[in-house]
Amino acid sequence: MIIKNANIALPGRNDFVPLDIEIQEGKILRTGADLSGDEILDAAGLQVFPGAVDSHVHFNEPGYTEREDFYHGSAAAASGGVTTLIDMPCTSLPPLIDKKALDSKLDIVKKHALIDFGFFGGVSAKSFFGDWKNNMKDMAADVMGFKTYFLSGMESFPQLSPLQFEQVLRVAQSLGRPVLLHAEDPALVEKFTKREQAKGDSWLHYYRSRPEKAEFRAVKKAIKAARRNSADLHIVHVGTGKAAKILRRYAHVSGETAPHYLAFDIRDLERIGAALKTNPVVKKPANKNILWRCLQNGTLDFVASDHAPAPDEMKNTGSVWTDYAGIPGSGTMFPFLYSEALIRRKMPFTRFLQITAENAAKRYGFFDRKGSIEIGKDADLVLVDPKAVLQIRGADFLSKGKITPFEGQVFQGKVIKTIVRGKTVYDADKGVVTDPGYGCFIRPAERS
Ligand SMILES: [Zn+2]
């Protein structure tokens, strides 16, 4: 297939390049002027980006599919230009703490995925009742990293003690995989939650129960532990500016933020309510500009959605303390970043490509195949109409989750087609245009 007349986002360039792309057997064969062939996709007026990588989603299958599953989750992701996702180990049953759980999950979800996907393995306090070291070893070849928590609300995936965390850092290091951390200080959050719960049931109380210093303190401790053990650490969903700023204190630490921390703050939580409830909670207004700066200057490495929807009866229970924490985000991530980062904030073009695709692919070891438009790589592409606008309507989401804090917002630019390994999986006019199971399981490259 030849994609003709497009403006292509090539790595390392400062602007689009008007070239045609030839795709053969799912890979980019060449780029050039006036290419011809039997099958033509005319992309006149459109921009072609490398498909976005969403390296933090909770698709909940098997186990919690009343909230989300791989079919709906990957359809939502594809509708927002995502071509590769990585699913978290903690929100499916059984959790991915051993190879058996991994194999059985893979058997199920590979029949449903529309786009390419990888897994994170996990280590929880429950892992320590079993042969956790060998379980990590058995999973290492199949996972992009190991997810851990300092503070977890999940009974099926309890948080690690500081000592356990350090042990996990060392084992992961020996296996050549990063440890991912949900960084909130459990003692601080427990103390503030008790205090705020006694005071009332408003969004301000909820916000105060998870103070910014809980994230800052946890990130600081985790970086120290990583440094002590010469380990490789990644902090997920950083929302506090002060915590983002210290990520570069140690070379082997990286961090991601999520669109909701860039777009919203406590004032919005008070206005929007449960549709914006996430853990960690959104922060004080001043954090947003710091996060944007950290994304621009490389202190934060990339953006991931932390997609974790839930149905209305779980999102709106009548109390801020029991409403489900999590929002659908995979479908809105790239459209938000295109509109807000590239167009409105004029983020440098090369940096935009890094934070949406390149850096996550590099971090988790699949940049040899994905994450940029380069000859020999998978033809994972998203075609954007820069002139069109997208109005966000949760009711239209392909996710099972329809409740979004972005409801009603208008983004500049619109995803027209999402292409995975040369095949269109999503079309703005037709919706999903491939069969469940097209998405392939991907592993990190072997390290030399
Ligand atoms: Zn998450």
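Given the structure is predicted, the values throughout are model-derived calculations rather than measurements.

K.L.:
Give me the overall build of the chain: which residues, what numbers.
P.N.:
Of regular secondary structure, the chain possesses 14 helices and 17 strands. For 448 residues, the compact-globule formula gives about 22 Å, and the C-alpha radius of gyration of the chain, at 21 Å, lands near that figure. Along the three orthogonal principal directions, the C-alpha set of the chain runs to about 65 × 50 × 40 Å. For the chain, restricting intrachain contacts to residue pairs at least 6 apart in sequence, the fraction spanning at least 24 positions comes to 73%. Accessible area of the chain: about 17,000 Å², with a carbon and sulfur share of 49%.

K.L.:
Go over the coordination of the zinc ion with me, naming the residues and quoting the values.
P.N.:
Ligation of the zinc ion by protein atoms is provided by H56 (NE2), H58 (NE2) and D306 (OD), these donors lying 2.1 to 2.2 Å from the ion. If you list the donors of the zinc ion from N- to C-terminus, the spacing comes out as H-x1-H-x247-D. Note that H56 is positioned in strand β6 (residues 52-57) and D306 in the loop between β13 (302-303) and α12 (312-315), a separation of 250 residues in sequence. A relative accessible area of 0% means that H56 is categorised as buried.

K.L.:
How would you explain the pairing of strand β10 (residues 179-182) if you had to name every residue and give the values?
P.N.:
A two-sided burial pattern is seen for β10, the buried positions comprising V179 and L181 on one face and L180 and H182 on the other. Bridge analysis of strand β9 (residues 143-149) against β10 gives 4 bridges, and the strand direction is parallel. Bridged to K147 within β10 is L180. Handedness of the β9-helix α4 (residues 162-175)-β10 crossover: right-handed. Here 3 bridges tie β10 to strand β11 (residues 233-235), and the two strands are oriented parallel to one another. Counted as the bridge partner of V179 is L233 from β11.

K.L.:
Give a detailed account of the side chain of H58, specifying residues and quantitative values.
P.N.:
With respect to the helices and strands, H58 occurs in the loop between β6 and α1 (70-79). Of note is the side chain of H58, whose polar atom sits 3.3 Å from the side chain of H56. The residues touching H58, leaving out its near neighbours within four places in the chain, are E68, D87, M88, C90, T91, K147, Y149, D306, H307, A308 and P309.

K.L.:
Account for the packing of α4 against helix α7 (residues 212-228), naming residues and giving values.
P.N.:
Two elements in contact, α4 and α7, have axes separated by 10 Å at closest approach and are oriented at 45 degrees. Taken together, α4 and α7 sit at an angle that is classed as oblique. When the axes of α4 and α7 are compared, the crossing they make is right-handed. Across from F165, E166 and L169 in α4, the residues of α7 making contact are A222, A225, A226 and R228. Along the lines of polarity and charge, the residues of the contact of α4 with α7 split into 5 nonpolar, no polar and 2 charged.

K.L.:
So what's going on with the environment of I419? Which residues, and what values?
P.N.:
When you line up the elements, I419 lands in strand β15 (residues 410-420). When the C-alpha atoms of I419 and G81 are compared, they prove to be 8.3 Å apart, with 338 residues separating the residues in sequence.

K.L.:
Give a description of the nonpolar core that names residues and reports values.
P.N.:
In terms of nonpolar packing, the biggest core is built from 102 residues, with F49, F119, F165, L233, I235, L337 and F352 touching the most fellow members. Apart from the residues lying within four places of it in its own chain, the contact partners of F352 are F49, F334, L337, Y338, A341, L342 and M347. If you look at the next biggest cluster of nonpolar residues, it comprises 19 residues, including M1, I3, V17 and I419.

K.L.:
Provide a residue-level description of the packing of aromatic side chains, including the pertinent values.
P.N.:
Here the distance between the centres and the angle between the planes together describe a pair of aromatic rings. Counted according to the given criterion, the structure contains 24 aromatic pairs. For the pair F334 and F352, a centre-to-centre distance of 5.8 Å together with 50 degrees between the ring planes defines the contact as tilted. Placement of the pair is F334 in helix α13 (residues 330-344) and F352 in helix α14 (residues 349-363), with a sequence separation of 18 residues. In this pair, the class of F334 matches that of F352, namely buried.

K.L.:
Quick one: what's the story with α13, residue by residue and with numbers?
P.N.:
Taking 1.5 Å of rise per residue, 15 residues should cover 21 Å, and α13 covers 21 Å from first to last C-alpha, within 8% of that figure. Bending of α13 peaks at approximately 30 degrees at the position of F336. Within α13, 12 of the 15 residues are buried, which leaves it mostly tucked inside the rest of the structure. Every buried residue of α13 is accounted for by S330, T332, M333, F334, P335, F336, L337, Y338, S339, E340, A341 and L342.

K.L.:
Describe helix α11 (residues 286-297), and please don't skip the residues or the numbers.
P.N.:
Note that an α-helix has 3.6 residues per turn; residues three or four places apart therefore point the same way. Spanning 12 residues, α11 covers 17 Å between terminal C-alpha atoms, matching the ideal 16 Å at 1.5 Å per step. Every buried residue of α11 is listed here: N287, K288, I290, L291, W292, C294 and L295. Directly beyond the C-terminal end of α11, a positive phi value near 95 degrees is found at G298.

K.L.:
Go over the sheet that holds β11 with me, naming the residues and quoting the values.
P.N.:
Read across the open sheet, the 8 strands follow the order β6-β7-β8-β9-β10-β11-β12-β13; overall the sheet is parallel. Two strands bound the open sheet, and with one partner strand each, they are β6 and β13. Sheet topology note: the strand β12 (residues 253-257)/β13 ladder contains 2 bridges and is parallel. Within β13, the position partnered with E256 by the bridge is F302. Relative to the sheet, α1 contacts β7 (82-87) and β8 (116-122), its axis offset from that of β7 by approximately 140 degrees.

Analysis parameters
- Residues numbered from 1 in each chain as written.
- Predicted model: local features only at pLDDT ≥ 70, side-chain atom pairs only at ≥ 80, totals over all residues.
- Heavy atoms only, no water.
- Helix = DSSP H or I, 4+ residues; strand = E, 2+ residues; numbered from the N terminus.
- Rg over C-alpha atoms; globule rule 2.2 N^0.38 Å.
- Contact = heavy atoms within 4.5 Å.
- Areas by Shrake-Rupley, 256 points an atom, 1.4 Å probe, with all protein chains shown as cover.
- Donors = N, O, S within 2.8 Å, 3.2 Å for Na, K, Ca; no water.
- Buried < 20%, exposed > 50% of the residue type's maximum accessible area, 1.4 Å probe, protein only.
- Pairing = 2+ DSSP bridges.
- Right-handed = clockwise from strand over helix to strand, strands pointing away.
- Polar contact = N/O pair within 3.5 Å; in protein donor to acceptor, adjacent residues only side chain to side chain.
- Axes fitted to C-alpha atoms, helices over the stretch in contact; angles between N-to-C directions.
- Parallel < 35°, antiparallel > 145°, perpendicular 65-115°, else oblique.
- Left-handed = near helix turned anticlockwise from the far one by under 90°.
- Nonpolar A, V, L, I, M, F, W, Y, C, P; charged D, E, K, R; others polar.
- Core = buried A, V, L, I, M, F, W, Y, C linked by side-chain atoms within 4.5 Å.
- Phe/Tyr/Trp six-rings, centres within 6.5 Å; stacked < 30°, edge-to-face > 60°.
- Expected span 1.5 Å × (residues − 1).
- Bend = angle between axes of the 7 residues up to and from the residue.

Nothing here speaks to function; it is geometry throughout.
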